[in-house]
Amino acid sequence: MQYQVSVKKPLIAAPIELPTSKSISNRVLILNALAYSSHDIKNLSDSDDTRVLLAALNSNSNKFDIGAAGTSMRFLTAFLSKIVGEWEITGSERMKQRPIGILVNALRELGAIIEYKEKEGYPPLKITGCALKGCKLTLAGDISSQYISAILMIAPTIQGGLTIELTGDIISRPYIYLTLKLMEEFGVKSNWTNNLIEIPQASYKPIEVIVEGDWSAASYWYEIMALGNIPTIELIGLHKNSSQGDSALADLFVSLGVDTIFTENGVRLNKTSTLTKQFDYDFTSQPDLAQTFAVTCCLLNIPFHFTGLKTLRIKETDRIYALIDELKKLGYLLTTNGIDTLTWVGEKMGNNPTPAAIDTYHDHRMAMAFAPVAITQQNIIINDPSVITKSYPEFWNDLKKVGFEINQKN
């Protein structure tokens, strides 16, 4: 299926109720289960990832297919390793290509019994849940924070608690802080000093949780404000003092012409004349924003150099090369060191097809980052547009509210 996205009339101001945070939702689902809480979580994300995790936690089965939900795969692997029983987790073909060996090896050090059913180091997994025993784990700081968060959340339930030493550069710090903050809300305090995280053996306490709006989802509206002539955009559900690392986008978009005003219900975006001549940034702490900023900078004709993109290589797709290939369709020639950078020096080529057909690679963020291109290119085609349900099911409907036209091609 394809959607042709176009902007034929001036965009209009309309309040947008953002989806709630997938990152928070998935963490509090695990913590809620570990606390044996009877409280329902309020404002739980409606994303595919959260639906999959919720279904697994409420299932009477011992076999789970989590599709493309990487967070669910990692969090469930750690969670089930301590739940008595035999469990199997599988996923999509792409999920079977995403490594999980680092997490499995760490859990095995704690006594977990986990087998690979197909390829060594990759899902699907067979897990025999058992009591785990604490120790001092040493993990590289530059691995996915989801591995670390998965272990942190079960740490208080392990005999003797757990100490984790993170070596080298620690990437995605905000996601680790988010996990520890939520654990503290459930009654378990930790100590993070330098590269050492200490979690005592303790019991989680049942609490009532209301999930806040998703700053990652907000990034596409900042992009729309930067590219268009929309009077203002009100985004409902965002918190000023959020623990979400992607809340940094409010400050980052200042140099791309977007001002943020916090309100009682969220934020109001206004356009300014401030535009930087060069945008350089280390996305180590906010990797999910890289696609939004790459597309925005290109369309604003602002050269950029991004670093800290190592984890983009193991997302739903290799996002670095996906950006290079799809922005080339729009005439922008990007380069990378093949490891963790993305650069555009302003080089373009002409004679591009109109409208360009953007491949999404089963990646929700590719679809949403490229949809606003319709503002400057008149229209654009998005292949496999349903991928947005992974994190923002109402995205296309919300675009219509401000004046985008969305037409199904086939």
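In case you missed it, the structure is sitting above this.
Per chain, residues are indexed from 1 in the order of the written sequence. Residues qualify for local features only when their pLDDT is at least 70, as the model is predicted, and side-chain atom pairs are given and counted only at 80 or more; totals for whole chains, interfaces and linings, by contrast, use all residues. The basis for the side-chain values is all heavy atoms of the structure; hydrogens and waters are excluded.

Undergrad: Mind showing me how you'd approach the overall build of the protein here?
TA: Runs of H or I in DSSP of at least four residues are treated as helices and runs of E of at least two as strands, each being numbered from the N terminus. When helices and strands are tallied, the protein shows 13 helices and 19 strands. The reference for a compact globule is 2.2 Å times residues^0.38; the radius of gyration itself is calculated from the C-alpha atoms. Relative to the compact-globule value of 22 Å for 410 residues, the protein shows a C-alpha radius of gyration of 21 Å, a close match. Structurally, the protein occupies a C-alpha span of about 60 × 45 × 40 Å along its principal axes. To sort residues, take the accessible area from a 1.4 Å probe on protein chains only and compare it with the maximum for the residue type: under 20% means buried, over 50% means exposed, and anything in between is partly exposed. Residues classed as buried in the protein amount to 56% of the 410 residues present. In this description, contact between two residues means that some pair of their heavy atoms is separated by no more than 4.5 Å. When contacts within the protein are restricted to residue pairs at least 6 apart in sequence, those whose partners lie at least 24 apart make up 73%. Carbon and sulfur atoms provide 47% of the accessible area of the protein, an area that totals close to 16,500 Å². When charges are counted, neither His nor the chain ends are considered; positive counts come from Lys and Arg and negative counts from Asp and Glu. Throughout, a charge is located at the NZ atom of Lys, the CZ atom of Arg, the CG atom of Asp or the CD atom of Glu. Counting 38 positive and 43 negative side-chain charges, the protein places the centres of these two groups 1 Å from one another. In short, Shrake-Rupley with a 1.4 Å probe defines the accessible areas, and a residue's cover is counted only from the protein chains shown.

Undergrad: Would you take a moment to explain the pairing of strand E12 (residues 258-262) for this structure?
TA: The two faces of a sheet get side chains in turn, since along a regular strand they alternate between them. The criterion for strand pairing is that DSSP finds at least two bridges linking the strands in question. Alignment of E12 against strand E13 (residues 266-271), held across five bridges, turns out to be antiparallel. Paired with Asp-259 across the bridge in E13 is Asn-270.

Undergrad: Whenever I open this one, the environment of Ala-13 confuses me. Can you help?
TA: By secondary structure assignment, the location of Ala-13 is in the loop between strand E1 (2-6) and strand E2 (15-17). In this structure Ala-13 comes out as partly exposed when scored by relative accessible area, which is 42%. Distance in space between the C-alpha atoms of Ala-13 and Lys-42 is 28 Å, their sequence separation being 29 residues. Other than its neighbours up to four places away in sequence, Ala-13 contacts Ile-230, Pro-231 and Thr-232.

Undergrad: Can you walk me through helix H10 (residues 319-328) in this structure?
TA: Each α-helix winds once per 3.6 residues, and so residues spaced three or four apart point in a common direction. Counted residue by residue, H10 has seven buried out of ten residues, so it is predominantly covered. Here H10 has its buried residues at Arg-319, Ile-320, Ala-322, Leu-323, Ile-324, Glu-326 and Leu-327. On its buried side, H10 packs onto helix H9 (290-299), strand E16 (342-344), strand E17 (357-358) and helix H11 (364-370).

Everything listed is a geometric property; what it means functionally is a separate question.
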